[in-house]
Structures are given as structure tokens and as C-alpha cells.
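The primary structure of each chain is shown beneath.
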Amino acid sequence: MGTQKQLNEQPIAQPKEAGKELPGRAKIVVIGGGVGGTSVAYHLAQLCEKDVVLVDRSDLTSGSTFHSAGLVGQLRADPTLTKMNMYSVELYRKLEKSQTPASWRECGSIKIASSKERMEEIRRQIGWAKTFGLDLVEISTKQAQELFPLLDPTDVVGGCYMASDGQVDPSQLTQAMAAGARAGGVKIFTHTRVLAINTQRNRIKSVTTDKGVIECEIVVNCGGMYASEIGRLVDVRVPIVPMSHQYLITENFLPDDAKFLPSLRDPDNLIYFRQEVKGLVMGGYERNSKPFMASYDSYDQIPKDFNSKLLPEEWDRFEEIATNAAKRVPKMSEVGLKNFINGPEGFTPDNEFCLGETTVGGFYVAAGFCAHGIAGAGGIGKVVAEWVVAGEPTMDLWHMDIKRFADAYKSPRFTLERVTENYEAYYDIHYPLEERASARGENKSPIYDWHRQNHAVFGEKASWERVNYYHNPNERLDDSLRPIGWVGKNWHPAVALEHHATRNTAGLFDESSFAKIKVTGARAGEFLNQVCAANVVKGVGKTTYTQALNKKGGIESDYTITQIGESEFLIITGTAFLNHDKGWLEKQVRELNFDQVEIVDITVDLACFGIWGPAARVILQSITDADLSNESFGFMNSKVIKVAGVELRATRITYVGELGWELYIPRDAALKVWLELIAAGKAHGMRVCGYRAIESLRLEKGYRAWAGEINSETNPYEAGLGFAVSTKKDDFIGKAALEKVRNKLSRKLTAITFDDIKQVAMGNEPIFINNQVVGRVKSAGQGYTINKAIAYAYLPVEHANVGATIEVEMFGIKSKAIIAAEPLFDPKGEKIKS
Ligand SMILES: Cc1cc2nc3c(=O)[nH]c(=O)nc-3n(C[C@H](O)[C@H](O)[C@H](O)COP(=O)(O)OP(=O)(O)OC[C@H]3O[C@@H](n4cnc5c(N)ncnc54)[C@H](O)[C@@H]3O)c2cc1C
């Protein structure tokens with residue numbers, strides 16, 4: 001990387017904590033005085049946390065914050081993030097009236113579509129904006145021109161406008177929040193560098209700075225692009241990479257009497273604009289991105305003195321953006337340039353924030369804001385401060401939770417490849433079932449090569465290569481069920497065949513990526529019964545489906561737990577949830593003082609195959625001497641048996657609603673068992689199947705998926721999982737909260753069906769009853785057996801009436817659907833118990 005240069009305009013002079021000595025003790029230490037750290041500190045003060053110290057190695061705003069473009073847009077693809085950004089706007093309005101105004105200007109924003117697909121995306125976004133009460137409206141090209149007269153309308157298909165979006169001065173905003181934090185008692189120390197973070201029994205103990213040691217209980221790493229380096233001080237991987245991001249500022253050229261312009265985004269051309277004094281700021285996301293001080297072989301190494309600094313201009317990388325900008329706003333080729341900014345900013349591998357408590361007790365992170373940290377700061381500060389105070393998130397923050405990152409992100413190469421791909425695709429339209437091309441092949445099933453040789457089409461989940469479906473090019477496939485529009489883009493007809501094979505004969509699935517966690521120790525059962533809503537200590541060989549709840553009764557994890565010994569339990573959870581679910585268990589061990597309970601990840605030790613369908617028993621029976629009859633091997637039982645001469649664990653459970661078993665096999669013996677199963681299944685028409693078929697099968701059967709229909713904001717009763725809650729147990733986490741809501745639920749998870757199986761929703765679409773928005777779609781797909789499209793949504797109980805007709809708006813068009821009785825398939829559960 002080239003030399004760095006000083007910014008022409010220095011950040012605003014910083015107020016000092018006059019005469020204050022760095023305290024030797026504080027309850028909470030916030031590291032970082034950018035927009036993130038000051039917002040966390042401000043909100044901690046709002047929550048009456050009096051004993052908070054914020055330190056910055058340089059001046060406030062001297063990281064990425066001072067060189068931000070300051071655009072604030074609210075609507076995002078993720079409902080939680082949208083809610084957070086809406087809160088940001090509310091806060092910035094409020095701060096504007098404070099004694100330290102934030103320079104908030106509610107100028108509105110326009111997004112234009114320069115392609116037909118983008119216009120569809122915009123219509124879809126307008127739909128989901130209705131579920132938030134956001135003022136997003138569709139506008140014509142002419143209206144866009146009226147709002148932004150500099151626009152050249154060539155190729156513009158239309159757009160949308162949101163009056164409540166705006167822009168803010170990032171440094172002023174930071175100062176405003178710092179002032180609010182100080183007023184609430186937070187002590188701020190600039191030019192105070194954290195050198196070490198000290199722990200005791202995996203809990204935060206103190207922070208060593210160049211000005212002294214602060215004993216503390218909680219540290220919040222708000223280090224922006226430096227957060228990864230701060231994480232390394234305590235051996236926590238924070239997968240954030242500093243990426244250079246560029247924009248320019250033109251000279252003043254707008255007439256004095258011109259109306260202030262809304263900001264403008266033209267994602268098809270990778271560009272954004274906003275008014276700056278009487279000129280324009282113009283920036284974008286380059287297709288040839290560049291990391292700052294990070295490589296495939298080494299973590300980021302930001303120089304010790306890199307504060308209040310910028311990077312050299314890189315016009316060659318900016319050329320495409322500048323060319324596109326001059327086409328869309330021709331004035332850009334006439335006006336002079338006042339400034340060119342190339343500043344680094346912390347990006348995560350999926351362009352979402354990195355928030356929450358890490359594997360070290362009391363060590364939180366709030367960083368990696370991916371060039372939307374100014375828009376997000378208000379909301380980020382609020383949710384992180386609440387998380388710190390409550391000890392658990394107060395809303396569903398899974399998409400931003402640091403624990404969503406698999407261990408593969410410990411590799412600098414894996415992280416940087418993914419960050420690069422996502423940075424460069426920042427403004428692309430992302431269609432459902434899209435797969436990432438970079439950082440592939442990290443974790444594989446032991447029979448990966450067999451899949452590859454047998455027409456498997458792979459997807460990636462949490463660094464694991466998994467079979468989505470198998471496509472033999474010689475097989476004739478029926479395309480007639482392809483969903484309409486976007487949803488059909490990455491759809492494949494083989495999935496329907498795999499679905500039918502499982503329902504009619506048998507399907508064989510490789511689920512080796514499932515996260516597998518072993519919990520052992522004399523008090524393991526007692527511990528798990530504290531953590532889980534169901535009784536999981538039912539005797540060796542018994543399997544329980546259960547949820548771990550938070551204090552509010554929300555579902556933190558969704559497990560199947562098998563008691564495999566007197567004090568030994570095997571937990572199976574989703575591929576992507578290993579670190580989240582294991583982290584939750586470890587936190588409870590710490591907080592409930594179950595020190596002797598051991599929690600070990602054994603994911604890679606065992607392969608896992610699912611064999612399901614009416615013929616599953618006869619196929620499996622043909623290669624084992626174990627008695628698989630219903631009498632001797634009932635549903636929700638688990639045994640160690642020999643299959644094809646290999647000792648393995650067979651658990652009679654299903655995620656597809658059919659008779660069958662999951663087999664947990666020592667990794668080295670996996671291929672042998674798989675080949676024997678294939679051979680045994682041949683005569684019965686068994687088919688090998690992938691994850692997309694599982695999705696369709698489980699939606700039909702109504703099996704819930706964590707991060708799909710259930711999450712930390714939903715309780716088991718409203719999610720239809722009351723059957724998995726023990727009313728007999730004395731206590732478990734969340735019990736008190738559940739008891740309060742049990743008989744007064746306000747909403748209910750509801751199954752919705754569309755008669756046209758091709759009319760498939762994607763998620764977040766608004767649901768109308770009598771033209772009133774009553775909810776939004778949570779999850780959706782196709783049910784090939786019931787021959788309908790399916791969606792699930794939480795609806796107010798007064799509207800969740802089976803048989804009622806509702807309307808779902810997709811791409812601006814309302815489609816009729818029915819609220820259906822659950823489960824949609826095999827309501828009596830005869831198949832699974834047959
Ligand atoms: C060119 C550019 C344009 C942008 N435009 C927009 C936009 O239009 N809209 C938008 O929403 N976002 C935008 N962003 C993103 C936004 O600026 C950032 O997301 C945000 O400023 C990050 O804030 P932060 O507090 O996380 O990090 P920073 O501002 O980087 O703060 C981190 C702080 O941690 C301190 N620190 C680091 N290590 C230590 C240590 N060991 N001890 C003590 N202190 C330490 C640093 O000194 C620094 O002050 C843009 C970013 C860039 C680069």
C-alpha cells in the first residue's frame with residue numbers, strides 16, 4: 001500500500017476531560033471514539049450506566065468517521081437493520097435540537113432503476129417498507145428529474161423516494177453523541193491507547209492502556225477497521241477487513257436559490273450523490289476493490305499512527321464510477337473538483353455489522369459497519385448498549401451477531417476473499433438462493449468426492465460445501481413448476497423429483513455439516529435442564545426436541561438432544577449455528593456456575609446421513625442386524641447399531657415428516673456406509689437428495705427453522721412449539737417470562753398457502769387483510785406434495801383464522817392466499833410414527 005497523507009481539513013478540536021485522571025476502575029470500557037463508540041457510550045448513559053469510560057488512541061472521529069460521506073438511508077433488506085436505521089433518524093432529529101447539533105438535514109433520498117430488474121427490486125422494497133410504516137413511494141422518471149434536476153433520464157425506468165432519509169455531518173454527529181454521553185456521566189479519554197485486554201477464567205478483568213490499567217467487567221470493542229486488531233489482544237477473531245472506499249466533492253456550482261437536493265442512488269451504475277454546500281459529493285462501490293494493509297496471508301496491520309489520515313487517490317479504480325456518474329449527471333464532467341477522498345473502512349464478509357458478546361465473557365464488539373455506519377450508528381448504539389445491560393440481545397440480531405461467523409473466518413484468506421466479493425457486489429441485486437463464488441471448498445463432507453462424481457450441485461453454508469440438489473444432465477426434467485419472476489432464477493426442477501422420491505419411496509441425504517456438540521460432566525443433565533425448555537434427561541437413548549430460551553422467553557437455539565450416557569448428551573443443531581449455540585451454552589456455564597460441565601464441538605468427527613421415506617426401514621434393515629421395528633426402535637429413540645459392519649449411532653428422528661433415521665458415523669467409515677445404503681436403496685427407487693428438497697419437505701410439514709420462522713424475539717407458544725415446553729420442570733431460563741405470556745398471546749405463526757405453486761414469496765412481503773397491513777412473510781417456498789406455494793407469517797391472533805383469505809403483495813401486485821390449518825402435510829403424524 002502506498003504512502004498515507006494527512007487530511008487537509010483537520011477534525012474538529014476535541015474537548016478534553018479537563019483535569020480528569022484515568023480511573024483505575026470502571027464497570028464498562030468502550031474502546032473507540034468514532035460514531036460507533038460514542039453512540040454505544042451515549043446509549044449506555046441513557047440506560048443509566050454511570051460507570052463508563054470511553055478511550056480512543058487518538059482524537060474522537062479520527063478513524064473512518066471523519067471522512068464519511070454522511071448519507072443516511074433507512075430501508076435495508078433486513079427488517080432488524082431497517083428498524084435500527086429508523087431509530088437512527090429519530091435520534092439524529094432529536095440531537096439536532098440539542099446543545100450540540102448533529103448537522104442533520106432531512107433532505108430525502110431517491111433511488112433510481114436503470115434496469116427492469118432494479119425496478120422490480122424497488123417495487124419489492126416499497127412493499128416491505130409498508131410493513132415498517134416507512135414513507136417510501138414509487139416515482140416516475142419525470143418525478144425523479146423534478147426532485148433532482150441534474151439527472152439525465154436516459155435508461156431510467158423509474159425509482160422510489162423517501163422523504164425522511166437525509167444526511168448528517170459525521171463528525172458533528174459523533175460530537176453530539178459524545179456530549180450526550182458526557183452529560184450522562186461517561187468519562188471520555190482521547191489519546192489513550194489500549195495495549196492489552198486481560199482476562200481471568202475467560203472473563204474480562206481489565207484493560208491496559210498507555211495511560212494506565214482500568215479494572216473492568218465489560219469491554220466494548222468499537223474499533224471500526226481496527227476492531228480485528230483489538231480482538232486479537234484477547235484471542236477473539238473479529239473478521240473485519242479495512243477496505244479503501246472513495247468519493248469526490250465537486251466545487252460549488254449550484255445556484256444560490258436552488259432547492260436543496262435529495263441524495264440520489266443509482267445502484268445499477270454503482271454510484272451515489274448528495275449535495276454538499278452548493279456542490280455534490282459523488283461516490284460508489286468499485287468493481288476492483290482494494291483492501292488496506294491486509295492480504296490473503298496476513299491479518300490487517302494498520303500503522304500505529306494511522307489516525308486522521310487518508311489514502312492516496314486511486315483514479316484508475318474510480319474510473320468506471322466517474323464515467324457512470326458523468327452519464328447520469330452530465331454536469332459532473334463540467335464542474336471542478338474540490339476534494340477526493342480515499343478512506344479505509346471496516347468491512348465484514350457479508351456486508352452486515354459485527355455486533356455482540358464474543359466467546360470471552362464480557363467482551364463485546366460493535367464494529368464493521370461496511371460504509372453504512374453513519375446511517376446505522378444510532379440503532380447500533382442502542383441495541384449494543386441494551387445487549388450489554390441485559391446480557392442478551394433485546395431484538396433478533398442474528399444477522400449481525402459476531403457468532404454467525406464460522407471458524408473458517410479465522411483464516412485471513414477466507415475472510416478477505418469473501419469481503420472482496422461482497423464489497424464488489426454491494427450494489428448488485430441479490431436473487432434468492434444465490435450462492436457465493438469466493439472462499440469455497442473450506443469444509444467438506446467425508447464423501448464430498450462421491451457427490452462431485454455423481455452430479456451434485458453444491459451450495460455453501462458457514463464454510464461447508466453442501467449438496468443443494470443433484471442434476472444428472474441425462475435426466476429429463478419438468479420446468480413447469482418454476483416460480484414466477486425472481487424466485488425462479490436460481491430454482492431447479494431436480495428439487496421436486498427429490499421431494500417426491502422422499503415422500504413416495506426414500507431419500508438419502510448427507511447432512512454431515514450439522515453442528516454436533518457434546519455436553520458432558522456429572523451435572524450435564526442438570527445444566528441442560530436449566531438451559532432448555534423441555535426435559536432432556538429422559539434416560540439413555542432418548543432424543544428430545546427442545547429450545548433454549550433467553551430471559552424474555554425468546555428462542556435462542558433450537559436443538560435436538562440425545563442422552564447418550566448417564567452424564568453425556570449429544571446436541572445437534574444447524575450448520576450455521578455452531579458458534580452461536582455453543583457460545584450460548586458456554587455463557588450459561590459461566591453465568592450459572594456449572595464449571596465442571598464440558599462443552600465440545602465434535603462436528604467434524606462424525607458424518608451424518610438421513611434416510612427418510614416409506615421405504616427407509618426396509619432399506620436400512622437390509623444392511624443391519626438391529627431390530628428396526630416400531631416396537632423395538634420407536635420414534636425419538638437413539639441406539640448404537642452396526643450398519644454395513646460399521647458401528648454408528650442411529651436416531652429415529654426426521655426433519656422432512658417421513659419415517660426414517662439419522663445416522664451418525666465415524667468420519668472414516670462414512671463412505672462405506674453411504675455406498676451400502678445406495679446399493680440397498682436401488683431396488684426401492686431411493687434417490688440421493690440435497691438441502692433444497694429438505695427445505696420444501698420441512699415447510700410442508702411445518703417444522704420450524706431457527707433464523708427462519710423462529711428467533712430470539714419469538715416465543716415457543718406463538719411459534720406453535722408449546723408442545724416442546726415442559727410445564728412440569730421447576731425452572732429453566734425464560735420460564736417466568738413464558739408463563740406471563742402463555743395465555744395472552746398477541747400473535748401467532750400462521751401457515752399460508754397459494755393455490756398457484758408458482759406464486760412464491762421471498763420473505764418480508766406485506767400481508768393485507770381488508771387493505772390493512774397485518775404482518776410480513778417470514779419464510780416461503782413450494783410444497784410439491786400439496787401442490788401449493790407456502791408461506792409462514794406471524795399474524796395478530798384476531799386475524800389468524802384458518803380458512804380466511806388474505807392478500808400478499810409481491811413486486812407491487814397483490815395475490816390472494818389462504819390461512820391454512822397446520823401441518824399442511826400428514827396432520828396426524830402417522831408417517832413419522834409408522
Ligand atoms: C469514504 C467513506 C465514505 C462513507 N460514507 C458513508 C455514508 O455515506 N453513510 C454511512 O452511513 N456510512 C458511510 N461510511 C461509513 C462510516 O464512515 C463508518 O461506518 C463509521 O464511521 C465507522 O465508525 P466506527 O466508530 O466503527 O469506526 P472509527 O470511526 O474508525 O472509530 C474507531 C476508533 O477506534 C479507535 N481505536 C482503534 N484502536 C484503538 C486502541 N487500541 N485503543 C483506543 N482506541 C482505538 C480509533 O482511533 C478510532 O477513532 C463511509 C466510510 C468511508 C470510508
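The paragraphs below set out a description of the structure included in this document. Just so it is clear, the structure is predicted and the values come from calculations on it, not from any experiment.

Cut-offs used in this document
Residues numbered from 1 in each chain as written. Predicted model: local features only at pLDDT ≥ 70, side-chain atom pairs only at ≥ 80, totals over all residues. Heavy atoms only, no water. Pairing = 2+ DSSP bridges. Helix = DSSP H or I, 4+ residues; strand = E, 2+ residues; numbered from the N terminus. Axes fitted to C-alpha atoms, helices over the stretch in contact; angles between N-to-C directions. Near = heavy atom within 4 Å. Polar contact = N/O pair within 3.5 Å; in protein donor to acceptor, adjacent residues only side chain to side chain. Areas by Shrake-Rupley, 256 points an atom, 1.4 Å probe, with all protein chains shown as cover. Nonpolar A, V, L, I, M, F, W, Y, C, P; charged D, E, K, R; others polar. Expected span 1.5 Å × (residues − 1). Buried < 20%, exposed > 50% of the residue type's maximum accessible area, 1.4 Å probe, protein only. Contact = heavy atoms within 4.5 Å. Salt bridge = Lys/Arg side-chain N within 4 Å of Asp/Glu carboxyl O. Parallel < 35°, antiparallel > 145°, perpendicular 65-115°, else oblique. Left-handed = near helix turned anticlockwise from the far one by under 90°.

Judged by pairing direction, the sheet is mixed, and its six strands sit side by side in the order β31-β32-β33-β30-β24-β34 without closing on themselves. Of all strands in the sheet, those with a lone pairing partner are β31 (638-643) and β34 (687-689), marking the two edges. Strand-to-strand twist in this sheet, taken as the mean axis angle between neighbours without regard to direction, amounts to 30 degrees. One ladder, built from three bridges, connects strand β24 (residues 507-510) with β34; its direction is parallel.

Here the focus is the site of the ligand. Near the ligand there are 38 residues, and of these Asp56, Ser64, Thr65, Glu345 and Ala375 occur at the shortest range. Within the backbone of Gly373, an N or O atom sits 3.3 Å from an oxygen atom of the ligand. Burial of the ligand by the protein chains amounts to 98% of its free accessible area of 1,000 Å². The set of elements that each furnish at least two residues to the shell around the ligand consists of α1 (35-46), β14 (241-250), β19 (337-347) and α8 (373-390). For the shell around the ligand, the per-class residue count stands at 15 nonpolar, 19 polar and four charged.

Attention shifts here to helix α5 (residues 170-183). Taking 1.5 Å of rise per residue, 14 residues should cover 20 Å, and α5 covers 20 Å from first to last C-alpha, within 8% of that figure. Looking at α5, one finds that the buried residues are Pro170, Ser171, Leu173, Thr174, Gln175, Ala176, Met177, Ala178 and Ala181. Those residues of α5 that are buried lie in contact with α1, α2 (79-96), β9 (187-189) and α8. Structurally, the start of α5 carries an N-cap: the backbone nitrogen of Ser171 is 2.9 Å from a side-chain oxygen of Asp169.

Looking now at unusual backbone geometry. Outside of glycine, negative phi angles account for most residues, and trans bonds account for most peptide bonds. Residue Pro823 is reached from Glu822 by a cis peptide bond, and omega for that bond is -10 degrees. Position of Pro823 relative to the elements: it lies in the segment after β40 (813-820). For Val277, which is not glycine, the phi torsion reads 50 degrees and is therefore positive. With respect to the helices and strands, the residue Val277 is situated in the loop between β16 (271-276) and β17 (279-284).

Attention now moves to the pattern of salt bridges. Applying the stated criterion across every chain, the model contains 44 salt bridges. A salt bridge links Arg418 to Glu460; the shortest N-O distance between them is 3.4 Å. Pair noted here: Arg418 is in helix α9 (residues 412-424) and Glu460 is in strand β22 (residues 456-461), with a separation of 42 residues, a long-range link. Classification of Arg418 as buried rests on a relative accessible area of 3%. For Glu460, a relative accessible area of 16% translates into the label buried. Three or more residues are tied together by salt bridges with common partners; here these are Glu286, Lys290, Glu314 and Arg317.

What follows is about the pairing of strand β11 (residues 203-209). Of the pairings in the sheet, the one linking strand β10 (residues 194-200) to β11 comprises six bridges and is antiparallel in character. Note on β11: the bridge partner recorded for Ala196 is Thr208. The antiparallel hairpin formed by β10 and β11 contains two residues in its connecting segment, where Arg201 sits at a positive phi of about 50 degrees. Judged from the four bridges that link them, β11 and strand β12 (residues 212-215) form a sheet pairing that is antiparallel.

This part is about the packing of α1 against α5. Packing of α1 against α5 leaves a shortest axis separation of 8 Å and a crossing angle of 30 degrees. Overall, the two elements α1 and α5 adopt an arrangement that is roughly parallel. Helix-helix and strand crossings are classified by hand; for α1 and α5 the assignment is left-handed. Across the interface between the two elements, Val35, Thr38, Ser39, Ala41, Tyr42 and Ala45 from α1 touch Leu173, Thr174, Met177, Ala178, Gly180 and Ala181 from α5.

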